[in-house]
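Listed below, chain by chain, are the residues.
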Amino acid sequence: PSLPKLQVPTPKGQLNIGTFCVNSLLLATVILLEHVALVKFYADKNNHDVSITGDLIAVGLANIAGGLTGSFAVGIGLSRSALNADAASQISLLMSAVVSLIIVYAVAPILSMLPDPVLGVVLFMAVIHMVDWRIIGRL
């Protein structure tokens, strides 16, 4: 396999420009809102100063590059962020990437036989600690 060529994507069938624009805006809105929420969550939790503008520019540029190479929309990895939240160093991010690649190439055929609810529970358990139960109690 080789790297994908840089090219402007072309639709494979007839394209309704109105539907395309609405769906694109909705997808971008969800991705960016999720990104801002998670960045602010961890910045507040760890007392970090972050530039939301810089983060949004980075996500936008990643999506432009991804669009030119045929990738899926780029967004934040909520479950991986939750798993790496309490890591002592950024090496955990590298290990997370390596483990993800191993899972995709070696374990995916086995995991594909698991029922979707099982995978949902795994993801749920990875991010449940992010819920602020005090706020829910006040609601």
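In this text, all values refer to a predicted model and were calculated from it rather than measured experimentally.

About the cut-offs
Residues numbered from 1 in each chain as written. Predicted model: local features only at pLDDT ≥ 70, side-chain atom pairs only at ≥ 80, totals over all residues. Heavy atoms only, no water. Helix = DSSP H or I, 4+ residues; strand = E, 2+ residues; numbered from the N terminus. Buried < 20%, exposed > 50% of the residue type's maximum accessible area, 1.4 Å probe, protein only. Contact = heavy atoms within 4.5 Å. Expected span 1.5 Å × (residues − 1). Axes fitted to C-alpha atoms, helices over the stretch in contact; angles between N-to-C directions. Parallel < 35°, antiparallel > 145°, perpendicular 65-115°, else oblique. Left-handed = near helix turned anticlockwise from the far one by under 90°. Polar contact = N/O pair within 3.5 Å; in protein donor to acceptor, adjacent residues only side chain to side chain. Core = buried A, V, L, I, M, F, W, Y, C linked by side-chain atoms within 4.5 Å. pLDDT = per-residue confidence, 0-100.

### Section: the side chain of His35
Move 1: Within the secondary structure, His35 sits in helix H1 (residues 17-46).
Move 2: Judged by its relative accessible area of 11%, His35 falls in the buried class.
Move 3: For His35, the residues in contact, after removing those within four places along its chain, are Asp55, Leu56, Val59 and Ile76.

### Remarks on the environment of Ala28
Move 1: On the secondary structure map, Ala28 appears in helix H1.
Move 2: You can call Ala28 partly exposed: its relative accessible area is 34%.

### So, H1
Move 1: Under the 1.5 Å per step criterion, the end-to-end length of H1 is 43 Å for 30 residues, consistent within 8% with the ideal 44 Å.
Move 2: Taken together, the buried positions of H1 are occupied by Ile31, His35, Leu38, Val39, Tyr42 and Ala43.

### A short note on the packing of H1 against helix H2 (residues 52-69)
Move 1: Running from amino to carboxyl end, H1 crosses H2 at an angle of 140°, the nearest separation of the two axes being 11 Å. Judged by the inter-axis angle, H1 sits oblique to H2. Relative to H2, H1 is oriented so that their crossing is right-handed. In contact with Ile31, Leu32, His35, Val36, Val39 and Lys40 of H1, H2 contributes Ile52, Asp55, Leu56 and Val59.

### Some words on the environment of Ser112
Move 1: The residue Ser112 is located in the loop between helix H4 (91-111) and helix H5 (116-127) in this model.
Move 2: For Ser112, a relative accessible area of 56% gives the class exposed.
Move 3: Sequence spacing of Ser112 and Ala65 is 47 residues, and the spatial spacing of their C-alpha atoms is 29 Å.
Move 4: A polar contact is formed between the side chain of Ser112 and the backbone oxygen of Pro109, at a distance of 2.7 Å.

### Concerning the nonpolar core
Move 1: Core analysis: the biggest nonpolar cluster contains nine residues, these being Leu38, Val39, Tyr42, Ile76, Ala82, Ala85, Ala126, Val127 and Met130.
Move 2: When residues of this core are traced back to their parent elements, those giving at least two are H1 and H5.
Move 3: Setting aside anything within four residues of it in sequence, one finds Leu38 in contact with Ile76, Leu78, Ser81 and Met130.

### Focus on H2
Move 1: For H2, which comprises 18 residues, the first-to-last C-alpha distance of 26 Å matches the rise-based estimate of 26 Å (1.5 Å per residue) to within 8%.
Move 2: Downstream of H2 by a residue or two, Gly70 has a phi angle that is positive, lying close to 85°.

### Things to note about the environment of Ile103
Move 1: By the secondary structure assignment, Ile103 is in helix H4.
Move 2: Linking Ile103 and Val122, residues 19 residues apart in sequence, is a C-alpha distance of 14 Å.
Move 3: Ignoring sequence-local partners within four residues, the contact set of Ile103 consists of Ala108 and Leu111.

### Describing the confidence of the model for the protein chain
Move 1: Scored by pLDDT, the protein chain comes out at a mean of 83, with 97% of its residues at no less than 70.
Move 2: The weakest mean pLDDT in the protein chain belongs to helix H3 (residues 78-83) at 72; the strongest belongs to H2 at 89.

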